[in-house]
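Summary of structural features
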Amino acid sequence: MRRLLTTGMGSEFGSQVENAARSFHDLHIQEWPGAVTALGGVEAIAARNPDVLLLGPELDQAVALETAAKLARVAPAVTVVLATRPDDDTWRRALEAGVRAVVDPDAPLDEVHQALESALDNSQRIRSLAAGRSYAHRVIVISSPKGGVGKTVVAVNLALALAHGTQEKVAIVDLDLAFGDVAHVLMLTPEHTITDAAAAMPDLDITALKVFLTAHPANVFALCSPDDPTEADDISPEAATAIIDLLTTEFPYVIVDTAGGFGDHTYSVMEHASDLVFVSDMDVPSIINVRKALELIDRLGIVDHNRHLVLNRADSRVGLQLDEVTAAAGVPVDLALPSSRHIPISVNEGRPILLSRPRSQFARRITRLAAELQIAAPALTTGEAP
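Here goes a summary of the coordinates provided.

Thresholds applied
Residues numbered from 1 in each chain as written. Predicted model: local features only at pLDDT ≥ 70, side-chain atom pairs only at ≥ 80, totals over all residues. Heavy atoms only, no water. Buried < 20%, exposed > 50% of the residue type's maximum accessible area, 1.4 Å probe, protein only. Helix = DSSP H or I, 4+ residues; strand = E, 2+ residues; numbered from the N terminus. Axes fitted to C-alpha atoms, helices over the stretch in contact; angles between N-to-C directions. Parallel < 35°, antiparallel > 145°, perpendicular 65-115°, else oblique. Contact = heavy atoms within 4.5 Å. Nonpolar A, V, L, I, M, F, W, Y, C, P; charged D, E, K, R; others polar. Arc of directions from axis to C-beta.

1. Concerning helix 10 (residues 237–247)
Within helix 10, eight of the eleven residues are buried, leaving the element largely enclosed by the surrounding structure. Burial in helix 10 covers these residues: Pro237, Ala239, Ala240, Thr241, Ile243, Ile244, Leu246 and Leu247.

Structure, rendered in structure tokens:
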């Protein structure tokens, strides 16, 4: 039985929710008695372990967002839906607080039903992640239909967040074979690259493979891209996939940073992934290309994984609202990352923002994604931004 906990509904919207919920035969609706700040507060709500918390239109928005943010830290499997009139600023603040969907209280019945269905599916997905499904490890492929959207920055900071939060070793593979930047972003000087690992195939084992990794002090181990772009032709998709499979025997988390666009290497490693993270920025072509990519991998039968959409520079004022992004991409935005002048500085200095500014909004949000990707661990926090 799935559980929907509601608060601040009002009679009219409450009736609409009840009508929308009737088609969910396994859904139990319960109303939270009184204010969300009373009766033990967020911890008491988390103790009820609902699948979805619906914050109604009669709840003060500041209180609603504070509740969502606290709940995201103590119970990340609970999906929060906010009922309010959506605009771009509301969407931005809601995503920052960990809200997964915003629904207009005056929305027609089918839209309310769709919001509930999406929220329930999201909760089930996160609970599967927390249970680790059948995974003994996670292979997290970071990709984008085009370059220049901050994919490597996301990959590197996510690797650091996982290493910090789990206290486990994390491997990161730079599969942008011609122009990879992982070594530069982590300020590494590799003695070996993925070219050496591929050359040792098919006799390569994990003991030999570890020799080709370059260690970062934060418990992250990088298999860097070739120094010479022409060496990319020496590394077959099959070799890349075999190398990643070997890494999973030693590392519970393997991050794969792919080249912009989708080539044979990317498709090959996607078939072995537990999670696909698509990175886009706030322009229509990039978002539409994400949708095309999702449709393509469906047609190719690459479906045995979890999907996450990360919207980079989500606070850019480019005339595009976050609900329009969701509609254009065909999937909800899992994480909205802010613009920051400190990000290019961190890239130039080779000190990722998770290390240089761990209390920044960017770092806190990457950490939240890392918490969802943990095999079985509580949510992470890095404190409030100054």
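The discussion continues.
2. Points about the packing of helix 3 (residues 61–74) against helix 4 (residues 88–97)
Two numbers describe how helix 3 lies on helix 4: the axes approach to 8 Å, and their chain directions differ by 30°. With respect to their mutual orientation, helix 3 and helix 4 come out roughly parallel. Side by side, helix 3 and helix 4 meet where Gln61, Leu65, Ala68, Ala69 and Ala72 of the first sit next to Thr90, Arg93, Ala94 and Ala97 of the second. Looking at side-chain class alone, the contact of helix 3 with helix 4 contains six nonpolar, two polar and one charged residues.

3. Points about helix 2 (residues 41–48)
Along helix 2, the residues classified as buried are Gly41, Val42, Ile45 and Ala46. Projected down its long axis, helix 2 shows its buried positions confined to an angular sector of 150°, all on one face. Away from its buried face, by an angle of more than 90 degrees, helix 2 presents the exposed residues Glu43 and Ala47. Turning to helix 2, the residues buried within the fold contact strand 1 (2–7), strand 3 (52–55) and helix 3. In the segment just after helix 2, asparagine 49 is the residue with positive phi, at about 55°.

4. Let's talk about the environment of arginine 2
As for its placement among the helices and strands, arginine 2 is situated in strand 1. Relative accessible area serves as the criterion here: at 21%, arginine 2 is assigned to the partly exposed category. Excluding its chain neighbours within four sequence positions, the residues that come into contact with arginine 2 are Phe24, Asp26, Leu27, His28, Asp51, Leu120 and Asp121.

Everything listed here is a matter of geometry and, on its own, says nothing about what the molecule does.
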